[in-house]
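Reading the structure
So the chains spell out like this:
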Amino acid sequence: QVQLVESGGGSVQAGGSLRLSCAFSGRTFSNYAMAWFRQAPGKEREFVAVIAWDGGSTGYADSVKGRFTISRDNAKNTVALQMNSLKPEDTAVYYCAARYGFISSSSWEYDYWGQGTQVTISS
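Below you will find a few notes about this structure. The structure presented is a predicted model; accordingly, all values stated were derived computationally and were not measured.

Reading the values: the criteria
Residues numbered from 1 in each chain as written. Predicted model: local features only at pLDDT ≥ 70, side-chain atom pairs only at ≥ 80, totals over all residues. Heavy atoms only, no water. Core = buried A, V, L, I, M, F, W, Y, C linked by side-chain atoms within 4.5 Å. Buried < 20%, exposed > 50% of the residue type's maximum accessible area, 1.4 Å probe, protein only. Helix = DSSP H or I, 4+ residues; strand = E, 2+ residues; numbered from the N terminus. Contact = heavy atoms within 4.5 Å. Disulfide = S-S within 2.5 Å.

A closer look at the nonpolar core
- Judged by nonpolar contacts, the single largest core of 36 residues is most densely connected at Leu 4, Met 34, Trp 36, Val 79, Leu 81, Met 83 and Tyr 94.
- Sorting the residues of this core by element identifies strand 3 (18-25), strand 4 (32-39), strand 5 (46-51), strand 7 (68-73), strand 8 (78-83), strand 9 (92-100) and strand 11 (117-122) as the ones contributing at least two each.
- Not counting chain neighbours up to four residues away, the residues in contact with Tyr 94 comprise Glu 6, Leu 20, Trp 36, Phe 37, Arg 38, Val 48, Phe 68, Leu 81, Met 83, Gly 116, Thr 117 and Val 119.

Rendered as structure tokens:
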């Protein structure tokens, strides 16, 4: 059974940076595409970023493109999301997700989810 544990959330002012990390365990990490999703109060969960099993392909939501960077370390079984130039609208609970096989931006295609980490951006 895959387990995902996020860390690194917090509160920063607009324009600041945060780095989220997700630790993967239970299966062979390099078999899984990894993604970040987020959910703001009263809104549906939305795609943020995805990375292929080997890091060779990445994808981003238009709202974060150029500000966020997803990366992974297959030796450490971790995936990270570097978030720069943060905006109040980035405030949400951020979730790490794992999918066996190819990348996808659709939440229903992900098999495993972390518990989420809160990110709050003040103006």
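Regarding the environment of Gly 9
- Note that Gly 9 resides in the loop between strand 1 (3-7) and strand 2 (10-13).
- Measuring from C-alpha to C-alpha, the distance between Gly 9 and Ser 30 comes to 25 Å, with 21 residues separating the pair along the chain.
- Contacts of Gly 9, omitting those with residues within four sequence positions, involve Leu 20, Thr 117, Gln 118 and Val 119.

Considering the state of the cysteines
- Tallying each qualifying case throughout the model produces 1 disulfide.
- Each disulfide pairs two cysteine sulfurs, and for Cys 22 the partner residue is Cys 96, the sulfurs being separated by 2.1 Å. Taking the sign of the S-S torsion, about -80° here, the bridge from Cys 22 to Cys 96 comes out left-handed. Of the two residues, Cys 22 is situated in strand 3 and Cys 96 in strand 9; the sequence distance between them amounts to 74 residues. Each member of the pair, Cys 22 as well as Cys 96, is classed as buried.

Function-wise, these values are silent; they only describe arrangement.
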